[in-house]
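Below are the chains, spelled out letter by letter.
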Amino acid sequence: MQRRFQQVDVFSSTAYKGNPLGVVLDAPGLSSQEMINYSRWSNLSEVTFVLPSENPDADYRFRIFAREREYPFAGHPALGTARAWLAEGGVPKNSGLILAECEAGVVPIKIQGDVLSFASPPTIRSGTIEASELAEVLHILGVEQSQVLDSQWVDNGPGWMAILLDDHDLLLGLDPKIPIRPGRWKIGVIAPLAHAQDEEKFEVRALTIENGTLREDPVTGSLNGAAAQWLINTQKVHPPLINRQGSVIGYEGRVYLDVSDEHLWVGGHTQVLIRGTIEL
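Here's what I pulled together on the structure shown here. Values in this document were obtained by computation on a predicted structure and should not be read as measured data. (Residues numbered from 1 in each chain as written. Predicted model: local features only at pLDDT ≥ 70, side-chain atom pairs only at ≥ 80, totals over all residues. Heavy atoms only, no water.)

## Brief notes about the overall build of the protein
This is how the line gets drawn: Secondary structure follows DSSP: runs of H or I at least 4 residues long count as helices, runs of E at least 2 residues long count as strands, and numbering of each begins at the N terminus. C-alpha atoms define the radius of gyration, and 2.2 Å times the number of residues to the power 0.38 defines the globule rule. Buried, partly exposed and exposed residues are distinguished by accessible area as a fraction of the type maximum, computed with a 1.4 Å probe on protein chains only: under 20%, between the cut-offs, and over 50%, respectively. Only heavy atoms enter the contact rule, under which two residues are in contact if any of them lie within 4.5 Å. The accessible surface values rely on the Shrake-Rupley method and a 1.4 Å probe; as for residues, cover is taken only from the protein chains in view. Here Asp and Glu are counted as negative and Lys and Arg as positive; His is not counted, and neither are the chain ends. Charge positions are represented by NZ for Lys, CZ for Arg, CG for Asp and CD for Glu.
Helices and strands together make up the secondary structure of the protein, namely 5 helices and 17 strands. Rg of the C-alpha trace for the protein: 18 Å, near the compact-globule value of 19 Å for 280 residues, within the 12% margin. C-alpha atoms of the protein, sized along the principal axes, occupy 55 × 40 × 30 Å. A total of 280 residues make up the protein; the buried ones form 53% of that total. In the protein, the share of contacts with a sequence separation of at least 24, taken over all contacts with a separation of at least 6, comes to 64%. Looking at the protein as shown, the accessible area adds up to about 12,200 Å², and 48% of this sits on carbon and sulfur atoms. Taking the average location of the 23 positive side-chain charges in the protein and that of its 35 negative ones, the two points are 4 Å from each other.

Here's what the structure looks like:
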């Protein structure tokens, strides 16, 4: 059947320079396999499907798929889905605040004009990366242990581990390798900007390796949120701050991070660029 559809650009004020998200707004009746089929075919990093909320406090529920895999939470899908819902006439129960239900729970999303910000959920895995796994990751990245300032699990759903490098140019010049061992890696690489301007502090690269394929995400809300919480907690940076992402692959992502109301808020510009229907 024909279902309302939007494609949203997330985390950039310049059209087509953020992270695209496909949003199916009329998802009731779709099976998980049908959602997977569209997600795989779309070739987007993630797609979402909007459903009636099951939690009485939430405005809507959404499911997130990255090809065959369903995520309990991811940042750019949370913001892109919220923008699509608002563009279709959605009105939140609480003025200026959307409560969006996903597998990870109910996520608050603040509305500030073109900028939407989600409250970063707590990590489900943190702490030290095991030495053998860290060595494998550094081999993938082609960097030496001496070039790493710190590392940490920062998994708030997708499975991220974060590597903090000591040099911005090193980050920009990374040429990651496909590992010999089969497996799945979600690697976030971070470096301080060489000439930080105002609140812009770090450059981020988000790498996913799975089934012998490497993909670099244009801009990644979940990684930026969890990594910023780690950097703030360890006093490597103080909020507010802005992270850059995507410049190596031709994007202009900016992620706004701040702490208020006992939450770390992760935000960015969002805009609907394609609107129509999809046959599903």
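So that's the structure; there's more coming.
## Re helix α5 (residues 221–233)
Filter applied, for reference: Multiplying 1.5 Å by the residue count of a helix minus one yields the expected span of that helix.
With 13 residues, α5 extends 18 Å between its outermost C-alpha atoms, agreeing within 8% with the 18 Å of an ideal straight helix rising 1.5 Å per residue. For α5, the set of buried residues is G221, S222, L223, N224, G225, A226, A227, A228, W230, L231 and I232. Backbone geometry just downstream of α5 places Q235 in the positive-phi region, at approximately 60°.

## What to know about the side chain of N224
For clarity, the cut-off: Between N or O atoms, a polar contact is any pair within 3.5 Å; within protein, one atom must be a potential hydrogen donor and the other a potential acceptor, and residues adjacent in sequence are included only when both atoms are from side chains.
Secondary-structure assignment places N224 in helix α5. Assessed through its relative accessible area of 1%, N224 is described here as buried. At 2.9 Å, the side chain of N224 and the side chain of Q245 are in polar contact. Apart from the residues lying within four places of it in its own chain, the contact partners of N224 are V204, N243, Q245, V255 and L257.

## Quick look at a nonpolar patch on the surface
The test is simple: Here a patch means residues that are over 30% exposed by relative accessible area and free of salt bridges, tied together within 9 Å if like-charged and within 5 Å if nonpolar (Val, Leu, Ile, Met, Phe, Trp, Tyr). The term salt bridge refers to a pairing of a side-chain nitrogen on Lys or Arg with a carboxyl oxygen on Asp or Glu at a separation within 4 Å.
A cluster of nonpolar side chains, contributed by L172, V248 and I249, occupies part of the molecular surface with about 190 Å² of accessible area. One can find V248 in the loop between β15 (241–245) and β16 (253–260). Taking relative accessible area as the criterion, V248 reaches 35% and is therefore assigned partly exposed.

## Topic: the pairing of strand β6 (residues 97–102)
This is how it is decided: By the convention used here, strands pair only if DSSP detects at least 2 bridges between them.
Within β6, 5 of the 6 residues are buried, which leaves the element mostly enclosed by the surrounding structure. Pairing between strand β4 (residues 60–66) and β6: 2 bridges, direction parallel. Within β6, the residue paired with R61 across the bridge is E101. As judged from the 6 bridges shared by β6 and strand β7 (residues 105–112), these two strands associate in the antiparallel manner.

## Brief notes about the layout of surface pockets
Basically, it comes down to this: A cavity here means a set of 1 Å grid points, computed over protein atoms only, where a 1.4 Å probe fits but cannot escape. A pocket is an open set with protein on both sides within 12 Å along at least 5 of 7 lines, and lining residues have an atom within 4 Å of a point. Grid points are joined across faces, edges and corners, and a volume is the space filled by probe spheres set on the points.
Reported here for the largest pocket is a volume of approximately 620 Å³. Every element with two or more residues in the lining of the largest pocket is listed here: β2 (19–24), β5 (69–71), α2 (75–87), β12 (184–192), β13 (200–210), β14 (213–217) and α5. Per-element tally for the lining of the largest pocket: the top contributor is β14, with 4 residues. Residue lining of the second largest pocket: 13 residues in total, with T123, A226, Q229, W230 and N233 positioned closest to the centre.

## A few points about the environment of L171
Inspection of the secondary structure assignment puts L171 in helix α4 (residues 168–172). Relative accessible area serves as the criterion here: at 0%, L171 is assigned to the buried category. For the pair formed by L171 and P192, sequence separation is 21 residues and the distance between their alpha carbons is 9.4 Å. Other than its neighbours up to four places away in sequence, L171 contacts L165, V189, I190, A191, E203, V204 and R205.

## Side note on the pattern of salt bridges
Side chains that differ in sign of charge can pair as their charged atoms come close. One pass over the structure, following the stated rule, counts 13 salt bridges. Across the pair D150 and K236 runs a salt bridge whose closest N-O atoms are separated by 3.0 Å. With D150 in strand β10 (residues 148–155) and K236 in the loop between α5 and β15, this residue pair connects regions lying 86 residues apart in the sequence. Accessibility expressed as a relative area gives 34% for K236, which makes it partly exposed. Notably, a salt bridge pairs R244 with E200, separated by 2.7 Å at the nearest N-O pair. Here R244, found in strand β15, pairs with E200, found in strand β13; they are 44 residues apart in sequence, far enough to count as distant. What emerges from the salt-bridge pattern is a single network uniting R4, D26, E88 and R275.

## Examining α2
A rise of 1.5 Å per residue sets the reference length of α2, with its 13 residues, at 18 Å; its end C-alpha atoms lie 19 Å apart and thus fit the reference within 8%. Most of α2 is tucked away: 12 of the 13 residues are buried. Within the span of α2, buried status applies to G75, H76, P77, A78, L79, G80, T81, A82, R83, A84, W85 and L86.

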